[in-house]
Amino acid sequence: QVQQNVERLFTRFVDEGKATVRLREPAVDLCLSKANVTNLKTFLSAVRLAHQGTDTGALPLSPLVPAKNSDVEKPKTKMIITSRRDYPLTKSFPFSLEHLQTSYCKLARIDTRVLSLKKLRKLDLSHNHIKQLPATLGDLVCLQELDLHDNHLEAFSGALCSSGLQKCLQFLDLSQNQIQALPIEFCQLRGLVQLKLDDNALLRLPCRIGQLSHLRFLSAARNKLPFLPSDFRKLSLENLDLFGNPFEQPNPLVPNIQLKIPLTLLECAARATINHRIPYGCHLLPSHLCKDLEVAKTCRCGSACLSSFIQITVTMNLHHVAHTVVLVDNMGGTEAPILCYFCSLDCYSQFLDRHLQSNG
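Predicted, not measured: the structure shown is a model, and the values here were computed from it. (Residues numbered from 1 in each chain as written. Predicted model: local features only at pLDDT ≥ 70, side-chain atom pairs only at ≥ 80, totals over all residues. Heavy atoms only, no water.)

How big an interface is tends to be stated in terms of the accessible area lost upon association of its parts. According to the domain assignment, the chain contains domain 1 (6-52), domain 2 (74-224) and domain 3 (256-316 + 336-358). On a C-alpha basis, the centroid separation for the pair domain 1 and domain 2 is 35 Å. (Domains from an automatic or database assignment.)

Let us look at the layout of surface pockets. Approximately 430 Å³ is the volume found for the second largest pocket. Residue lining of the second largest pocket: 22 residues in total, with R208, Q211, L293, E294 and V295 positioned closest to the centre. Mapped by element, the contributors of at least two residues to the lining of the second largest pocket are α4 (265-275), α5 (287-294) and β13 (297-298). Each residue belonging to the lining of the second largest pocket can be placed in one class, and the counts come to 7 nonpolar, 7 polar and 8 charged. (1 Å grid on protein atoms, 1.4 Å probe; cavity = no way out; pocket = protein on both sides within 12 Å on 5 of 7 lines; lining within 4 Å. Points joined across faces, edges and corners; volume = space filled by probe spheres on them. Helix = DSSP H or I, 4+ residues; strand = E, 2+ residues; numbered from the N terminus. Nonpolar A, V, L, I, M, F, W, Y, C, P; charged D, E, K, R; others polar.)

This part is about the sheet that holds strand β15 (residues 310-317). Judged by pairing direction, the sheet is antiparallel, and its 3 strands sit side by side in the order β12-β15-β17 without closing on themselves. In this open sheet, the two strands that pair with only one neighbour each are β12 (256-257) and β17 (335-342). Relative to β15, β12 runs antiparallel, the two being bridged by 2 bridges. Paired with I257 across the strands is I310, a residue of β15. Along the sheet face, helix α6 (residues 345-358) touches β15 and β17 and points at about 35° away from the line of β15. (Pairing = 2+ DSSP bridges. Contact = heavy atoms within 4.5 Å. Axes fitted to C-alpha atoms, helices over the stretch in contact; angles between N-to-C directions.)

Moving on to the nonpolar core. Counting residues in each nonpolar core, the largest one holds 77 residues, and the members touching the most others are L123, F156, F186, L218, L228, F232 and L318. Broken down by secondary-structure element, the contributors of at least two residues to this core are β4 (78-81), α2 (158-161), α3 (165-168), β11 (237-241), β15, β16 (322-326), β17 and α6. The biggest single contributor to this core is β17, with 6 residues. When we break this core down by domain, the ones giving at least three residues each are domain 2 (74-224) and domain 3 (256-316 + 336-358). Excluding its chain neighbours within four sequence positions, the residues that come into contact with L228 are L205, L242, F247, M316, L318, A336, P337, I338 and L339. In this structure, L9, A19, L40 and L44 belong to the second largest nonpolar core, which totals 9 residues. (Core = buried A, V, L, I, M, F, W, Y, C linked by side-chain atoms within 4.5 Å. Buried < 20%, exposed > 50% of the residue type's maximum accessible area, 1.4 Å probe, protein only.)

Below, the structure is given as structure tokens:
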């Protein structure tokens, strides 16, 4: 179907036997090369007339001779660009690309032409100057690997975490950026297998990181982490690297007490909703309450607590969550402080009794 379906003809190099026909549907570029110049011009003339609605009987068509396999150019699936000089400014990226690397190109933003490459499986934008990620990056629903190593990122938006990347993204490299925190929605990227966060300014890891059930390789070395979230216990990793973080010394005897006695009605309702697994959503509750419920704390007894709790840090051996652990410090340690919550004074007292007995 040609009529009204040709978006553009590229004929600058027609005298060299080259031309490109860009179609609207399907959104592909038909690249012609090594063609007979006279035949190519005749063909392009016929395409223009067909696009304008000319009757097929009036088109200057000649009998087609089947092309040899050696004459057919296969769709390009991989492109690697490693310098600003080689970056295409006027030429389009082939729509057939599955792997694109544009490193060391001094890019300040992601090229919108890249965001239209719907077949991309691997995108490497490392060693650039990118400060912000567009929400449309989430439209690349086949993207399995995303490398943003060594850029100027200060955030990873929640919109991307709620996009099509949820199901497809398996490898994410955000190392050597300027990120201080990841959004609550980050743990919706449940297909992640490998996550690199080294050399940022992270003050905390996502509180629901345990939801990343497929995660096997995690590195967050040389950040500013004082402790790990309580949900960290749920991970099952093959390799873990947390070297060079300023972890605090755990002290279970110095609790952070946020208990409200008696409990507020909001706290009671929130605890009941989670403990009894009552369905909720933005169609039933205000969105801010839904977000609060999604990040509720879990007491050692298994009960939930929202804003009324006792918080302490305890020591966890990282081999409990990872087969291979890179040393946490130069002293050969593999232990780190992890947050621990209690829903009541009773629960904290019971823990404290056991802790004092084991250390007595």
